[in-house]
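# Reading the structure
Chain residues, written in single-letter form:
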Amino acid sequence: MTDSPEVIIVGAGLAGLSAARQLSIHGVDVLVLEGSDAVGGRVRTDRVDGLLLDRGFQLYNPAYPEAARVLDHAALDLRPLTAGVIVSTARRSIRLGDPRRKPGWAVDALAPSTGSLLSKARFAGYAWRASRTPARVIATTEDFTAEVALRSVGADDALLEHVLRPFLAGVFLESELATSRRFLDLVMTSFVRGRPAVPANGMQAIPEQLRDALPDGAVRCNAPVLAVSGTSVQLDGERITAAAVIVATDPSSAGHLCPAIDVPRGNGVTTWYHLADCEAAALTDGEPVLVVDAERRGPVLNSVVMTHASSTYASEGRVLVSSSVLGTGHDSQDERLIRSHLATLHRVDTQGWEPVANYPIPYALPAMLPPFEISRPVDLGDGLFVAGDHRDTSSIQGAMVSGRRAADAVRQRFGRRGSASGPLPTIQQ
């Protein structure tokens, strides 16, 4: 890497690292500046006392096209979750899943409290059709809210209120189902085509793999950027110049650095981790599956036993449970309420469960309200570019796509097609 990088990328999250990768493989010298102590952005994992604690409950779907194109899945050692959901009601827990993968759960589909068979068949048909529709077609379909979309395809009240709303609230991080139907279609596509999973070493293994593919010295952490232009970035006491700058921070920081960006509203969440004092098999029959509350009897959106998916998430055979709650600002009183709700969901005594960490994330996902533009501009003009999940979809797929799009926009602007094209020209100020 040269002393004067051709392109500076602000932010070493998935978008910034994806942009750096795309530029590097085309021979462009890049410098990635990250304000925190490590790469990952909102995809970070803390390693504490033999536990892997992802900062917020997150899953990776190997069916994401962009991520599958870029990442080495075998090296990530993906540990899949069960393709389904356990719906907790006052009477019992109902297991609903993809019959291709969980045929033994098919009998639970007969439960009328989670919707009629006709309603479930109509929803399954919708999900299948969405999975066969090209993304470019989905992007141009008439848009309205997810709730309107689900009712229009035949989801009855029981299926919508007892299954789909509580489940999708954990995906969208909002319970009104006000999220765009276009994004809903893309979510259904990924669920039909792949099984969400976690890497054996935690979610941060994904950005670390992207980092490791870059030239030595390409990423500089603990380097918060104070201001940007199309030809330079300003740090504390240091100014670095380049031919182009890509801002790939979180949406709020991007809006601060680039006031011209329209920053979408953010949806917040808090994820709590507990060590359970019961036998692992007593929880969800040993299945790594999401549990949701059909009757919304407490604050928990969903709960999952992480060590059912991968024993690497807790050493010495301990049982680690991740549970998420909408919003932030929760205190110790809320933790007791959450633990009480977890007792209801898992049907076990949770008084002895040990709270080990909680992660409040005020801006976990950009809201995607209709009419939702799936692909937004990344070239701000004058050598300044932007990347992030607020430019595409609020997902790992969207973040990585936006990074590649920003990198390609830089190369297109300067006529750079490949490593033999020579360095990017210097922009005259």
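Up top is the structure these notes are about.
Report follows, based on the coordinates. What you are looking at is a predicted structure, and each value in this text was computed from that prediction instead of being measured.

Looking now at helix α8 (residues 181–193). Under the 1.5 Å per step criterion, the end-to-end length of α8 is 18 Å for 13 residues, consistent within 8% with the ideal 18 Å. Three or more residues of α8 are buried, namely Arg182, Phe183, Leu184, Asp185, Val187, Met188, Thr189, Ser190 and Val192. Contacts from the buried residues of α8 go to α4 (117–131), α5 (135–138), α6 (146–152) and α7 (157–172). The backbone nitrogen of arginine 182 lies 2.9 Å from a side-chain oxygen of the residue at the head of α8, namely serine 180.

Turning to a nonpolar patch on the surface, a few remarks are in order. Taken together, the side chains of Val107, Leu110 and Leu117 define a hydrophobic patch exposed on the protein surface, amounting to about 300 Å² of accessible area. Relative to the elements of secondary structure, leucine 110 occurs in the loop between β7 (93–97) and α4. Classification of leucine 110 by relative accessible area gives exposed; the value is 55%.

Time to look at α4. It helps to recall that an α-helix has 3.6 residues per turn; residues three or four apart then point in one direction. Helix length check: α4 (15 residues) gives 21 Å between terminal C-alpha atoms against 21 Å at 1.5 Å per residue, within 8%. Of the residues making up α4, those classed as buried are Ser119, Lys120, Phe123, Tyr126, Ala127, Ala130 and Ser131. All buried residues of α4 fall inside an arc of 135° around its axis, so they share one side. The elements touched by buried residues of α4 are β7, α5, α6, α7 and α8.

Turning our attention to the nonpolar core. Counting 92 residues, the largest nonpolar core has Leu150 and Ile246 as the members making the most contacts within it. Apart from residues lying up to four places away in sequence, leucine 150 is in contact with Phe123, Tyr126, Ala155, Leu160, Leu164, Leu168, Leu177 and Leu184. Of all hydrophobic cores here, the second largest spans 19 residues; its members include Leu31, Leu235, Val245 and Ala254.

A word on the side chain of aspartate 293. With respect to the helices and strands, the residue aspartate 293 is situated in strand β15 (residues 290–293). In this structure the side chain of aspartate 293 is engaged in a polar contact, spanning 2.9 Å, whose partner is the backbone nitrogen of arginine 297. In this structure the side chain of aspartate 293 is engaged in a polar contact, spanning 2.8 Å, whose partner is the side chain of histidine 341.

Conventions we followed
- Residues numbered from 1 in each chain as written.
- Predicted model: local features only at pLDDT ≥ 70, side-chain atom pairs only at ≥ 80, totals over all residues.
- Heavy atoms only, no water.
- Helix = DSSP H or I, 4+ residues; strand = E, 2+ residues; numbered from the N terminus.
- Expected span 1.5 Å × (residues − 1).
- Buried < 20%, exposed > 50% of the residue type's maximum accessible area, 1.4 Å probe, protein only.
- Contact = heavy atoms within 4.5 Å.
- Polar contact = N/O pair within 3.5 Å; in protein donor to acceptor, adjacent residues only side chain to side chain.
- Patch = residues over 30% accessible without salt bridge, like charges linked within 9 Å, V, L, I, M, F, W, Y side chains within 5 Å.
- Areas by Shrake-Rupley, 256 points an atom, 1.4 Å probe, with all protein chains shown as cover.
- Salt bridge = Lys/Arg side-chain N within 4 Å of Asp/Glu carboxyl O.
- Arc of directions from axis to C-beta.
- Core = buried A, V, L, I, M, F, W, Y, C linked by side-chain atoms within 4.5 Å.

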